[in-house]
Protein chains: 2
Amino acid sequence: MNKYIKTDPWSIIEDRFHPGRVRAAESLFSIGNGAMGQRGNFEETYTGESLRGSYIGGVYYPDKTRVGWWKNGYPEYFAKVLNSAFWIGIGVKINGVEIDLHKLTVVSFHRELDMKRGLLLRSFTVEVPGPGRVEISSTRFVSMERTELGAIRYSVTPLDSEVEAEICSYIDADVRNEDANYNEKFWEFVGNTPRSVTMRTHKTGFGVCWAMENVMECAIFTDVTEGELVRESTKVTIGKGETRTLYKYAGICSTLNHREKDLEQAATKVAADARSAGFDSLLAEQEKAWASKWAGCDIVIQGDDEAQQGIRYCIFMLLQTYTGKDSRLNIGPKGFTGEKYGGSTYWDTEAYCIPFYLSTEGQDVARQLLIYRYNHLDEAIDNARKLGFKDGAALYPMVTMNGEECHNEWEITFEEIHRNGSIAFAIYNYIRYTGEREYLAQYGLEVLIGIARFWAQRANFSEEKQKFVILGVTGPNEYENNVNNNWYTNYIACWCMDYALESAHWVKENYPNDWERIRSKRSFDITAEGDVWRQITGNMHLPEDKELGIFLQQDGYMDKEQVLVKDLDTSNRPLNQKWSWDRILRSCFIKQADVLQGIYYFQDKFPKDVIERNFRFYEQRTVHESSLSPCVHSVLAARIGDIDKAYEMYLRASRLDLDDYNRENEEGCHITSMAGSWLSIVEGFGGMRADGGMLSFSPRLPRQWDGYSFKVIYRGRIVHVNVTKSGTDVSLESGEPLAVNVDGKQRTIN
Amino acid sequence: MNKYIKTDPWSIIEDRFHPGRVRAAESLFSIGNGAMGQRGNFEETYTGESLRGSYIGGVYYPDKTRVGWWKNGYPEYFAKVLNSAFWIGIGVKINGVEIDLHKLTVVSFHRELDMKRGLLLRSFTVEVPGPGRVEISSTRFVSMERTELGAIRYSVTPLDSEVEAEICSYIDADVRNEDANYNEKFWEFVGNTPRSVTMRTHKTGFGVCWAMENVMECAIFTDVTEGELVRESTKVTIGKGETRTLYKYAGICSTLNHREKDLEQAATKVAADARSAGFDSLLAEQEKAWASKWAGCDIVIQGDDEAQQGIRYCIFMLLQTYTGKDSRLNIGPKGFTGEKYGGSTYWDTEAYCIPFYLSTEGQDVARQLLIYRYNHLDEAIDNARKLGFKDGAALYPMVTMNGEECHNEWEITFEEIHRNGSIAFAIYNYIRYTGEREYLAQYGLEVLIGIARFWAQRANFSEEKQKFVILGVTGPNEYENNVNNNWYTNYIACWCMDYALESAHWVKENYPNDWERIRSKRSFDITAEGDVWRQITGNMHLPEDKELGIFLQQDGYMDKEQVLVKDLDTSNRPLNQKWSWDRILRSCFIKQADVLQGIYYFQDKFPKDVIERNFRFYEQRTVHESSLSPCVHSVLAARIGDIDKAYEMYLRASRLDLDDYNRENEEGCHITSMAGSWLSIVEGFGGMRADGGMLSFSPRLPRQWDGYSFKVIYRGRIVHVNVTKSGTDVSLESGEPLAVNVDGKQRTIN
């Protein structure tokens, strides 16, 4: 843990220069607009440890799989969102000395991520040998309104004497991914102009053009472009105490949205239009866009500024990572903050992010995430076919960019099949929240049929048990591999088949035309297939320990040595760094919610005492070595009324990156797990549920807080929930009157 | 399968040129002398598909691990025996045209591996545009007597006209491993002389010098050495029908046996001494050495020439791969025939090769293989320590060169721990066969203690079962990973602890000085540790199906869909190419003997009906997709009197490489599994056992054969067993009288 970020309700602030934390801070101070993102790199030269990172959503490269021992069925490549041109580049020389915080003495330093307005602000003073102190300040953003625009205001002020400054603005497209499997360069040069460069990705052929406009009063720029490096440079004299400001506008256009031949013109236009609009006007647009985002989803915590800052950071990062404008995009575990995990899509999206976006950005945004999977259904069927399944069975990939599987660990790729369950559950969850059941007829049912077919083929009948079993799986707890009858997997498999069948009947009855289309397109025989599904779901082996009154994570779990986390010497932690893999596997320790993930999803199906017994049993054995783990425990702890435990779990997640708990920030932030922090407050403390077609709350207040309030978007309204020591107030900020259930009592809010 | 080798009792013969099979044939026609080996490459230029391969036992390189997803505990490198300088090189130009079988018309071609004498013979005629047909013949061997010497006789005869021939002899040390993980070159150049080159391996720093002497009557050689390429060249006129012969002697010396500064001198001396001795004299030495090898271990099969050729090939390859002269060496799965598996040591050595060498090369040779593991005990303890074990517990590596683990698949490296059992069993097996129980006091007991300690720590007590269990293992059947309570592993674990304790008591009683040394060196507490071991072995969970009367491969095995191999459509085979890994894992199909491996080892512990029931059950589910599988089934089938099944299994193994069953010869031959073919005959058909201190036989004759005979070395004698349709004759070829048991009757042979 490393508490060095200054506490502030709306900003993330570094108030001095931490040379050892530059790379980690670059992750924290990342900005994005759903379409692209930029790490918090310095504009000017920095020769210390740094990871320059600029990412364009959907522009990826299929990097050849690197594996020690090939297993039949592995994908040929791992799709990676590419590190792309460094468009923020500004070089400053003062009397011939390059400004470089790694080399000069830093007198003062302030960096701030202004979450309210979506801006990255920075100012610092360095001592330049000779001319003395020089102050530099910058304001940077990627525009929410103009998704192809990045803008920078960069000011230089010599404090001690007049100086000769050489200032250049550049785009450097000679970029490599740090995580390239075979050190390949993924980009090829297409062409340049004095103020633009166009590149194309190898293999995938995505074209991108970066164009810039640089403005500085009374300065004349000289073009010094060379291949992949596009530069403009100017020399100015700046008097002591005088400030010269460079405005840089970068247009970044890709073939996702333009024809390749139009790229340069498009990018140039974005930059030119921005120049015409002017920086202040763009800034106003940005402030307005962010104000509108915050309006429907802010969370206010009273009496705990750190928690306040933590949850706003989570919301801010999620909102700038995904905006739902493009159904080809999704949410990578690191968002736009780093290269790790390749910017690809995991089941995190369905398990954690969809509930967040449903309540914060609304139905249309969440729906885009469902459509993303719908659009990949044929690839999922193909993926299953490669693994020996047939007749339209679909297995969604563990990791994907375009629907094809990218991951290459057999115990995950082939066996962590519960992901299919979350993809089906997300459809159910979406409909439950929005009431838009017709989504089934339009898109959902096809996906559900593919998934149900997979489960039906994946289960087999055990003569020994006289039950259906699902062998050789990895559950959400990845500290077990290749186990038999993972309770969560078996349970959600049955649920998927039941829900698919129920949905099929509903569509058949209510949308006969869609039904006919789907039935014929997917060769679906509701009677015959439905019979098989019912037979399986009616006789599935769901391991349990009757004596303990708990569901068993998998067959044989109780053969393990039963040690509790509290009795584990801390020198063993984290297990994944201290223990060899086999030791982790045969221990009873759990990486992240597994049985509890199922209980979380299906809270309405289990009595409270069952939830409590399972929670107590598994919580004691869970090491939470996944950022995705504590939130589920937090929600369930709140559910059984253990608010202290819920709070403890909440704390682990909400400031994970801000305080760099795991000292891995330099690889990027844990974007998808930030949604878990939001869940902990809204579904946990707030007790928000959407069962049975009505929004309900049963708020509890952690004793560490004076109060909290949150807003959620629900069926066209903004609902405001304010929890204080004296009680809960639920009100409507906008929209039609709504019936809600608060602490078990139904009422209508206006 | 590809039957293209001509059947012959003592030779492997290709009688025409197969351009598509050159690389595969290079593996088949490999020669070796225990210290080094050379693939059957052509001496002259060949521009077609080929893998030039020359290997020096013990000269390896730690190639940086390549892995997709790192697991804590993985080794940093994989040690590989290196492809080294191409010392056989001879270039021939006839009237300026290079002899290259890939480019010229081949009129006739004959290649023969003379197994009786240990020679590679080749002759061919090519059509050279212009001068017409030219005949070339070569004789090559690596000397069994002079282990640092390779020799070649190479003759050129123009058949149609007088020609100008340019003949050069070279050593090319610019060699790379085809299987390098990161395309690195493993060698660095040290220096050269006109007729020698010295290289050094990166990291490991092994030095090797290759020196040559070239002799051709009335020819003057010009040195044209350049860096890593050492060459001598001559031009001669050869009359029509006249033959010119080049004799090439190569001395190959490494720092395994010489100081680095002496290398050049040593290698030059080997070559010069050979030149002085002359080719015919060296050839005579070679013939004598091989005659002496064959004297104690030949197998003769009457009425089946293919089987005869097959088993002689197996014996020949094993004898030339390992000679027991150097306890630093061992037997790589591909021997000196290819790069795959890195020439490292696997449990194949203990499971299959030690019984072979015990009976064919004798006690001293087999003992070296035990010493090899004894010398690695501290590394095995260190290996276990890295995985969290303590107090001197030893886990021998899955794959090793110098005692350190090299493998990097968690399910194998960390979990295929039964290998420890085979290493203990080999000690028992050695003592049972040789009677040299004092080996325990000198070396064996320390190894047994380390192994027993490992098992004691690896087992845990299941409260649920009230039994000890061993969780998370991979058995010999690698088509199951991370299973609980693999019967074979649990059984051999108990056996190891029992045998270690029994051995400790024996050493304590009989060799008090050694006992004191071992007790103190290994901090061994026979009372306390022995109690723990007894407690575990007395209450171990050994899964079985009482109804079927069989041992269960692992917990949950009967939950699998029970399909028999015979009912599997052949389009599914081999499973490891046609099925994804998860599908293989959850199927009931078995790669190689697992429960049956245990029954094979401990045949004396199980009644025949138990052996038969288990054999019938598992045989029907075994796909034998390991070359090591059929032999164990063959021996057990013979044991239960099913000679037809035994013969079927024997056939699968014995000509695996000769007929290229799996079309993978080009990667090298299956050297270690060749020992299995020998086991099938001697322990299977011959029914040889060494239980209870007496050699016994219960020979059966497959109906396809008229008869067979084999020789084994046993306690200083050569025992000859001759089996015909009319009965078995067991006789002594040399040594003191011996009591043997034949078909249950004891007698003494003279």
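Rules of the game
- Residues numbered from 1 in each chain as written.
- Chains lettered and ligands numbered in written order.
- Predicted model: local features only at pLDDT ≥ 70, side-chain atom pairs only at ≥ 80, totals over all residues.
- Heavy atoms only, no water.
- Buried < 20%, exposed > 50% of the residue type's maximum accessible area, 1.4 Å probe, protein only.
- Helix = DSSP H or I, 4+ residues; strand = E, 2+ residues; numbered from the N terminus.
- Pairing = 2+ DSSP bridges.
- Least-squares fit on C-alpha atoms with pLDDT ≥ 70 in both.
- Contact = heavy atoms within 4.5 Å.
- Axes fitted to C-alpha atoms, helices over the stretch in contact; angles between N-to-C directions.
- pLDDT = per-residue confidence, 0-100.
- Polar contact = N/O pair within 3.5 Å; in protein donor to acceptor, adjacent residues only side chain to side chain.
- Salt bridge = Lys/Arg side-chain N within 4 Å of Asp/Glu carboxyl O.
- Buried area = accessible area lost by both parts, 1.4 Å probe.
- 1 Å grid on protein atoms, 1.4 Å probe; cavity = no way out; pocket = protein on both sides within 12 Å on 5 of 7 lines; lining within 4 Å.
- Points joined across faces, edges and corners; volume = space filled by probe spheres on them.
- Nonpolar A, V, L, I, M, F, W, Y, C, P; charged D, E, K, R; others polar.
- Expected span 1.5 Å × (residues − 1).
- Disulfide = S-S within 2.5 Å.
- Parallel < 35°, antiparallel > 145°, perpendicular 65-115°, else oblique.
- Left-handed = near helix turned anticlockwise from the far one by under 90°.
- Phe/Tyr/Trp six-rings, centres within 6.5 Å; stacked < 30°, edge-to-face > 60°.
- Lys NZ or Arg CZ within 6 Å of the ring centre and 35° of its normal.

Here's the deal with the pairing of strand 26 (residues 717-724) of chain A
Residue and element names in this part refer to chain A.
At step 1: With 6 of 8 residues buried, strand 26 is to be regarded as a mostly interior element.
At step 2: Pairing between strand 25 (residues 707-714) and strand 26: 8 bridges, direction antiparallel. Its bridge partner being in strand 26, Lys711 is matched across the sheet by His720.
At step 3: In this antiparallel pair of consecutive strands, strand 25 and strand 26, the connection spans 2 residues, and Arg715 shows a positive phi of 45 degrees.
At step 4: The pairing of strand 26 with strand 27 (residues 727-734) spans 7 bridges and is antiparallel. Looking at the pairing, Val721 lines up with Val730 of strand 27.
At step 5: Connecting strand 26 to the next strand, strand 27, in antiparallel fashion are 2 residues.

Notes on the relation of the copies chain B and chain A
Both copies of the chain are related by one operation, a rotation about an axis with a shift along it.
At step 1: When chain B is fitted to chain A, the best match, at an RMSD of 0.0 Å, comes from turning it 180 degrees and sliding it 0.0 Å along the axis. One copy is carried onto the other by what is essentially a two-fold rotation axis. When C-alpha distances to the rotation axis are compared across chain B, the minimum falls at Val67 of chain B, with a value of 2.3 Å.
At step 2: Mapped onto chain A, 100% of the interface residues of chain B again fall at the interface, so both copies present the same surface.

Let's talk about the sheet that holds strand 19 (residues 299-302) of chain B
All names here are of chain B.
At step 1: Across the sheet, 4 strands lie side by side as 19-25-26-27; this open sheet has antiparallel pairing. Of all the strands in the sheet, the pair left with one neighbour each is strand 19 and strand 27 (727-734). Neighbour to neighbour, the strand axes of the sheet diverge by 15 degrees on average, direction disregarded.

Concerning the confidence of the model for chain A
Note that predicted coordinates carrying low pLDDT should not be read in detail.
At step 1: Overall, the prediction assigns chain A a mean pLDDT of 95, with 100% of residues at 70 or greater.
At step 2: Across the assembled chains, the prediction reports ipTM 0.92 with pTM 0.94.

What to know about the side chain of Asn460 of chain A
At step 1: With respect to the secondary-structure elements, Asn460 of chain A resides in strand 20 (residues 460-462).
At step 2: A distance of 3.1 Å separates a polar atom in the side chain of Asn460 of chain A from the backbone oxygen of Asp559 of chain B.
At step 3: Beyond its immediate sequence surroundings of up to four residues, Asn460 of chain A is in contact with Lys467, Phe468, Val469 and Leu471 of chain A together with Asp559, Lys560 and Glu561 of chain B.

Let's talk about the pattern of salt bridges
Side chains bearing opposite charge may pair, as long as their charged atoms lie close to each other.
At step 1: As enumerated under the stated definition, the model contains 126 salt bridges over all chains in all.
At step 2: Residues Arg367 of chain B and Glu436 of chain B are paired through a salt bridge, measuring 2.8 Å at the closest nitrogen-oxygen approach. Here the residue Arg367 of chain B occupies a position in helix 6 (residues 363-375), and Glu436 of chain B occupies one in the loop between helix 9 (419-434) and helix 10 (439-458), the gap between them amounting to 69 residues.
At step 3: In this structure, a network of salt bridges that share partners links the residues Asp378, Glu446, Asp514, Arg517, Lys521 and Arg522 of chain A.

Things to note about the interface of chain B and chain A
At step 1: Taken together, the contact pairs 46 residues of chain B with 46 residues of chain A.
At step 2: Each partner contributes to the roughly 3,900 Å² buried at the junction of chain B and chain A, and carbon and sulfur atoms together form 50% of this total.
At step 3: The three residues of chain B that bury the most area against chain A are Trp69, Asp559 and Arg586 of chain B, which together make up 19% of that side's buried surface.
At step 4: The interface formed by chain B and chain A holds 6 salt bridges in total.

Things to note about empty space enclosed by the protein
Where empty space is left becomes clear once a probe the size of a water molecule has been rolled over the atoms.
Residues and elements named next belong to chain B.
At step 1: Following the criterion strictly, the structure yields 11 cavities of 30 Å³ or more and no others.
At step 2: Listed by contribution, the elements that provide at least two residues to the lining of the largest cavity are helix 5 (348-360), helix 9, helix 16 (595-601) and helix 20 (671-685).
At step 3: If one sorts the elements of the lining of the largest cavity by residue count, helix 5 sits on top with 5 residues.
At step 4: Considered class by class, the residues forming the lining of the largest cavity number 10 nonpolar, 3 polar and 6 charged.

Let's talk about helix 13 (residues 526-537) of chain A
Residues and elements named next belong to chain A.
At step 1: The first and last C-alpha atoms of helix 13 sit 15 Å apart over 12 residues, in line with the 16 Å expected at 1.5 Å per residue.
At step 2: Residues of helix 13 that are buried in the fold lie against helix 10 (439-458), strand 21 (467-469), helix 11 (487-510) and helix 12 (512-521).
At step 3: One side-chain oxygen of the residue at the start of helix 13 lies 3.1 Å from the amide nitrogen of Thr527, identifying that residue as Asp525.

Digging into the state of the cysteines
In a disulfide, the sulfur atoms of two cysteines are held together by a covalent bond.
Residue and element names in this part refer to chain B.
At step 1: What the rule picks out here adds up to 0 disulfides over all chains.
At step 2: For Cys209, which is in no disulfide, the shortest distance to another cysteine sulfur is to Cys253 and amounts to 7.1 Å.
At step 3: In this model Cys314 remains outside any disulfide bridge; the closest cysteine sulfur is found in Cys669, 9.8 Å from its own.
At step 4: You can call Cys314 buried: its relative accessible area is 2%.

Concerning helix 19 (residues 643-654) of chain A
Residues and elements named next belong to chain A.
At step 1: An ideal rise of 1.5 Å per residue puts 16 Å on 12 residues; helix 19 measures up with 16 Å between its terminal C-alpha atoms.
At step 2: Turning to helix 19, its buried residues number three or more, namely Ile643, Lys645, Ala646, Tyr647, Met649, Tyr650, Ala653 and Ser654.
At step 3: Tucked inside the fold, the buried residues of helix 19 contact strand 19 (299-302), helix 4 (305-321), helix 17 (608-619), helix 18 (629-639) and helix 20 (671-685).

With respect to the sheet that holds strand 5 (residues 77-83) of chain B
All names here are of chain B.
At step 1: The 4 strands lie next to each other as 2-3-4-5, forming an open sheet whose pairing is antiparallel. Of all strands in the sheet, those bounded by a partner on one side alone are strand 2 (31-32) and strand 5.
At step 2: Both strand 4 (residues 54-64) and strand 5 contribute to a ladder of 6 bridges, which runs antiparallel. From the neighbouring strand, Tyr61 faces strand 5, where its bridge partner is Lys80.

Comments concerning unusual backbone geometry
At step 1: The peptide bond linking Arg573 of chain A to Pro574 of chain A adopts the cis configuration, its omega dihedral lying at -10 degrees.
At step 2: Here Pro574 of chain A is to be found in the loop between strand 23 (550-551) and helix 14 (575-578).
At step 3: Here Asp391 of chain A, not a glycine, exhibits a phi torsion of approximately 50 degrees, which is positive.
At step 4: Note on placement: Asp391 of chain A falls in the loop between helix 7 (377-386) and helix 8 (410-413).
At step 5: Despite not being glycine, Asp743 of chain B shows a phi value in the positive range, around 50 degrees.
At step 6: Within the secondary structure, Asp743 of chain B sits in the loop between strand 28 (738-742) and strand 29 (745-749).
At step 7: The exposure class assigned to Asp743 of chain B is partly exposed, which follows from its relative accessible area of 43%.

Re the packing of helix 19 of chain A against helix 20 of chain A
Residue and element names in this part refer to chain A.
At step 1: Close contact between helix 19 and helix 20 brings their axes to 9 Å; oriented N to C, the two are set at 160 degrees. Accordingly, the angle class assigned to the pair helix 19 and helix 20 is roughly antiparallel. Relative to helix 20, the crossing made by helix 19 is left-handed. Across from Ile643, Ala646, Tyr647, Tyr650, Ala653 and Ser654 in helix 19, the residues of helix 20 making contact are Ser677, Ser680, Ile681 and Phe685.
At step 2: In terms of residue class, the contact of helix 19 with helix 20 is made up of 7 nonpolar, 3 polar and no charged.

Notes on the packing of helix 11 (residues 487-510) of chain B against helix 13 (residues 526-537) of chain B
Residues and elements named next belong to chain B.
At step 1: Contact pair helix 11 / helix 13: the axes reach a minimum separation of 9 Å and the direction vectors enclose 150 degrees. One finds that helix 11 runs roughly antiparallel with respect to helix 13. The crossing of helix 11 and helix 13 is left-handed. Where helix 11 abuts helix 13, its residues Cys494, Met497, Asp498, Ala500, Leu501, Ala504, His505 and Lys508 lie against Ile526, Gly530, Trp533, Arg534, Ile536 and Thr537.

Brief notes about the packing of aromatic side chains
At step 1: Applying the stated criterion to the full structure yields 127 aromatic pairs over all chains.
At step 2: Ring centres of Trp10 of chain B and Trp294 of chain B lie 4.8 Å apart, and the angle between their planes is 90 degrees; on these two criteria the pair is classed as edge-to-face. One end of the pair, Trp10 of chain B, is in the segment before strand 1 (11-14); the other, Trp294 of chain B, is in helix 3 (residues 279-295), and 284 residues separate them in sequence.
At step 3: A cation over a ring is seen here: Arg111 of chain A above Phe29 of chain A, with NZ or CZ 4.7 Å from the ring centre.

Quick word on the side chain of His407 of chain A
At step 1: Tracing the backbone shows His407 of chain A in the loop between helix 7 and helix 8.
At step 2: Apart from residues no more than four positions distant in its own chain, His407 of chain A is found in contact with Pro75, Phe78, Met398, Val399, Ile412 and Thr413 of chain A together with Trp69 of chain B.

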